[in-house]
Amino acid sequence: MTVNQPNILLVYTGGTIGMIKDPETGALKSFDFKNLLERIPELKLLDCNIETISFDDPIDSSNMNPKYWVQIAEIIEEEYHNFDGFVVLHGSDTMSYSASALSFMFENLAKPIIFTGSQLPIGDLRTDAKENLITSIQMATLQRAGKPVIREVGLYFEYKLYRGNRTTKINAEHFEAFESLNYPHLAESGVHLNVEYDDLFKPNTRKKLVVHKQFETNILLVKLFPGISETILKPLFNSAAVKGIVLETYGAGNTTTEAWFIDLLKQTIKRDIPIINVTQCSGGSVLMGQYETSTQLKSIGVISGKDITTEAALAKLMFMLGENVSIKTFKTIFETSLRGEMS
Ligand code: ASP
């Protein structure tokens with residue numbers, strides 16, 4: 001490594017960015033990471049030292065799960081003191097979930113962890129992979145007074161750096177695949193890299209890094225729709241295996257007021273199963289009590305997800321249950337922003 005140049009670790013987990021077309025079926029599949037670097041000689045022009053590490057078997061991110069989150073986190077934890085920043089190459093399909101999960105895993109993070117990927121493979125003529133990868137690395141190298149500028153888990157895609165746990169994949173075709181509807185972007189790439197310093201997460205750097213690795217996956221995500229039935233919901237909510245529920249509600253956190261539904265929620269909460277209210281809308285916040293159709297939810301102890309994304313709510317629920325947060329403090333802690341995931 002050259003001294004005085006930032007050192008960046010690239011972690012390749014899989015995704016379209018490093019895929020090739022199977023000549024027989026035409027389907028995209030992962031290929032060897034070494035080829036990825038051969039395809040971007042421009043990386044050598046960057047003012048930093050880049051080292052790479054790859055999953056032995058790169059995955060399509062539809063196969064992502066908490067075991068892989070721990071694998072990514074352990075790679076970064078092990079190399080934390082050897083590098084100034086980390087760029088994680090990841091499929092876009094579940095990137096927002098992973099970026100959210102990693103944000104909760106890394107408490108007191110003082111260096112950048114930037115997720116990126118692409119809509120077209122790196123070998124494609126019109127690929128978006130090169131810009132995403134090169135600028136993510138540049139974002140990770142940004143320093144001020146010898147310290148990294150970005151000290152949180154970010155997600156870079158199509159000219160914008162977002163807070164990872166605020167993002168959602170909104171488009172399966174456009175290069176602009178992600179949005180952060182409830183929080184401004186952290187930086188933008190144009191002729192210059194423009195950083196929104198006031199919007200960056202400010203960690204407590206006097207505290208030591210703690211990496212959390214336990215996730216409870218026995219949880220439910222229920223999206224409300226007109227006509228949702230008691231016959232289907234009751235056995236799901238009453239399952240002894242369920243440890244927590246995220247409820248995707250209408251508008252500002254509203255639900256049907258039918259007695260069977262409210263009663264089912266009430267009985268579930270009485271069994272110490274936390275229920276989180278997040279909105280189905282892409283933007284905006286839950287505000288229980290604003291309408292009559294959410295007043296009862298508030299009084300029976302449903303937890304407000306405020307303006308959190310569904311992806312971040314699921315990751316936070318799995319993380320907090322994994323950490324065995326007591327039921328007495330669960331609501332207060334969930335309703336508190338831990339990594340800038342809610343306003
Ligand atoms: N299916 C791919 C994945 O998420 C899509 C992508 O990489 O953008 O792994």
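Above this text you will find the structure in question.
## Comments concerning the overall build of the chain
Here is step 1 of the chain: Broken down by element type, the chain carries 9 helices and 20 strands.
Here is step 2 of the chain: Taking 2.2 N^0.38 as the reference for a compact globule, 343 residues should give roughly 20 Å; the C-alpha atoms of the chain span a radius of gyration of 21 Å, in line with that estimate.
Here is step 3 of the chain: Dimensions of the chain along its principal axes, counting C-alpha atoms only, are 65 × 55 × 35 Å.
Here is step 4 of the chain: For the chain, the proportion of contacts with a sequence separation of at least 24, taken over those separated by at least 6, is 73%.

## Considering the environment of leucine 161
Here is step 1 of the chain: Following the sequence through the fold, leucine 161 ends up in strand β11 (residues 160-163).
Here is step 2 of the chain: Overall, the relative accessible area of 0% leaves leucine 161 in the buried class.
Here is step 3 of the chain: Once the C-alpha coordinates of leucine 161 and serine 337 are considered, the two residues, 176 residues apart in sequence, prove to be 20 Å apart.
Here is step 4 of the chain: Excluding residues that lie within four positions of it along the chain, leucine 161 makes contacts with Ile114, Met139, Ile150, Gly154, Leu155, Tyr156, His185, Leu186 and Ala187.

## Digging into the site of the ligand
Here is step 1 of the chain: Taken together, Gly15, Thr16, Asp60, Ser61, Gly91, Ser92, Asp93 and Ser118 make up all the residues around the ligand.
Here is step 2 of the chain: At 2.8 Å from a nitrogen atom of the ligand is found a side-chain nitrogen or oxygen belonging to aspartate 93.
Here is step 3 of the chain: Expressed as a share of its isolated accessible area of 270 Å², the protein-covered part of the ligand is 90%.
Here is step 4 of the chain: Residues of the shell around the ligand, tallied by class, amount to no nonpolar, 6 polar and 2 charged.

## As for helix α8 (residues 310-322)
Here is step 1 of the chain: The first and last C-alpha atoms of α8 sit 18 Å apart over 13 residues, in line with the 18 Å expected at 1.5 Å per residue.
Here is step 2 of the chain: For α8, the tally of buried residues reaches 13 of 13 residues, placing the bulk of the element in the interior.
Here is step 3 of the chain: Note on α8: the residue one or two positions beyond its end, asparagine 324, has a positive phi of about 55°.

## Some thoughts on the layout of surface pockets
Here is step 1 of the chain: Each pocket or cavity is described by its volume, and for the largest pocket that value is around 300 Å³.
Here is step 2 of the chain: Lining the largest pocket are 21 residues, and of these Thr168, Cys281, Ser282, Thr310 and Glu311 lie nearest its centre.
Here is step 3 of the chain: Across the lining of the largest pocket, the residue classes break down as 5 nonpolar, 10 polar and 6 charged.

## Regarding the pairing of strand β5 (residues 85-89)
Here is step 1 of the chain: In terms of residue burial, β5 counts as a mostly covered element, since 5 of its 5 residues are buried.
Here is step 2 of the chain: The alternating pattern of β5 places Gly85, Val87 and Leu89 on one face and Phe86 and Val88 on the opposite face, and all of these are buried.
Here is step 3 of the chain: Pairing of strand β1 (residues 7-14) with β5, which is carried by 5 bridges, proceeds in the parallel orientation. Bridge pairing in β5 links valine 11 to valine 88.
Here is step 4 of the chain: Sheet analysis places β5 next to strand β7 (residues 113-116), joined by 4 bridges and oriented parallel. Across the sheet, the residue bridging to valine 88 is phenylalanine 115, located in β7.

## Topic: the sheet that holds β7
Here is step 1 of the chain: The strand order across the open sheet formed by 8 strands is β4-β1-β5-β7-β10-β11-β14-β15, and the pairing between neighbours is mixed. Two strands lie at the open edges of the sheet, namely β4 (49-59) and β15 (193-195), each paired on one side alone. Going from strand to strand, the sheet's axes swing by 20° on average, the running direction of each strand aside.
Here is step 2 of the chain: The strands that helix α2 (residues 66-79) touches are β1, β4, β5 and β7; relative to β4, the one it contacts most, it runs at about 155°.

## Quick word on unusual backbone geometry
Here is step 1 of the chain: Even without glycine at this site, tyrosine 159 takes up a positive phi of about 75°.
Here is step 2 of the chain: Tracing the backbone shows tyrosine 159 in the loop between β10 (153-157) and β11.
Here is step 3 of the chain: At asparagine 324, a position not held by glycine, the phi torsion is positive, near 55°.
Here is step 4 of the chain: Of the residues examined, asparagine 324 reaches a relative accessible area of 66% and is grouped as exposed.

## What to know about the packing of aromatic side chains
Between two aromatic rings, the relevant description is the distance of the centres plus the angle of the planes.
Here is step 1 of the chain: One pass over the full model with this rule turns up 7 aromatic pairs.
Here is step 2 of the chain: Taking the centre distance of 5.7 Å and the plane angle of 85° together, the rings of tryptophan 260 and phenylalanine 261 count as edge-to-face. Here tryptophan 260 and phenylalanine 261 have matching classes, each one buried.
Here is step 3 of the chain: Among the aromatic residues, those joined into a cluster by ring pairs are Tyr80, Phe83 and Phe86.
Here is step 4 of the chain: Positioned over the ring face of phenylalanine 334 is lysine 316, at 4.8 Å from the centre of the ring.

## Re the pattern of salt bridges
Here is step 1 of the chain: Taken as a whole, this structure holds 10 salt bridges when the rule is applied.
Here is step 2 of the chain: Between aspartate 93 and lysine 169 there is a salt bridge, and its shortest N-O distance comes to 2.7 Å. Here aspartate 93 is found in the loop between β5 and α3 (95-105), whereas its partner lysine 169 is found in strand β12 (residues 168-169), with 76 residues between them in sequence.
Here is step 3 of the chain: Here lysine 234 ties to glutamate 230 by a salt bridge, and the two come within 3.7 Å at their closest N and O atoms. With lysine 234 and glutamate 230 both in helix α5 (residues 230-238) and 4 residues apart, this pair spans about one turn of that helix.

## Quick look at the sheet that holds strand β20 (residues 303-304)
Here is step 1 of the chain: In spatial order, the strands read β17-β18-β19-β20; together these 4 strands make up an open sheet with parallel pairing. Looking at which strands have only one partner, the edges of the open sheet turn out to be β17 (219-223) and β20.
Here is step 2 of the chain: The sheet contact formed by β17 and strand β18 (residues 244-249) spans 5 bridges and is parallel. Paired with lysine 223 across the two strands is glutamate 248, which belongs to β18.

Definitions and limits used
- Residues numbered from 1 in each chain as written.
- Predicted model: local features only at pLDDT ≥ 70, side-chain atom pairs only at ≥ 80, totals over all residues.
- Heavy atoms only, no water.
- Helix = DSSP H or I, 4+ residues; strand = E, 2+ residues; numbered from the N terminus.
- Rg over C-alpha atoms; globule rule 2.2 N^0.38 Å.
- Contact = heavy atoms within 4.5 Å.
- Buried < 20%, exposed > 50% of the residue type's maximum accessible area, 1.4 Å probe, protein only.
- Near = heavy atom within 4 Å.
- Polar contact = N/O pair within 3.5 Å; in protein donor to acceptor, adjacent residues only side chain to side chain.
- Areas by Shrake-Rupley, 256 points an atom, 1.4 Å probe, with all protein chains shown as cover.
- Nonpolar A, V, L, I, M, F, W, Y, C, P; charged D, E, K, R; others polar.
- Expected span 1.5 Å × (residues − 1).
- 1 Å grid on protein atoms, 1.4 Å probe; cavity = no way out; pocket = protein on both sides within 12 Å on 5 of 7 lines; lining within 4 Å.
- Points joined across faces, edges and corners; volume = space filled by probe spheres on them.
- Pairing = 2+ DSSP bridges.
- Axes fitted to C-alpha atoms, helices over the stretch in contact; angles between N-to-C directions.
- Phe/Tyr/Trp six-rings, centres within 6.5 Å; stacked < 30°, edge-to-face > 60°.
- Lys NZ or Arg CZ within 6 Å of the ring centre and 35° of its normal.
- Salt bridge = Lys/Arg side-chain N within 4 Å of Asp/Glu carboxyl O.

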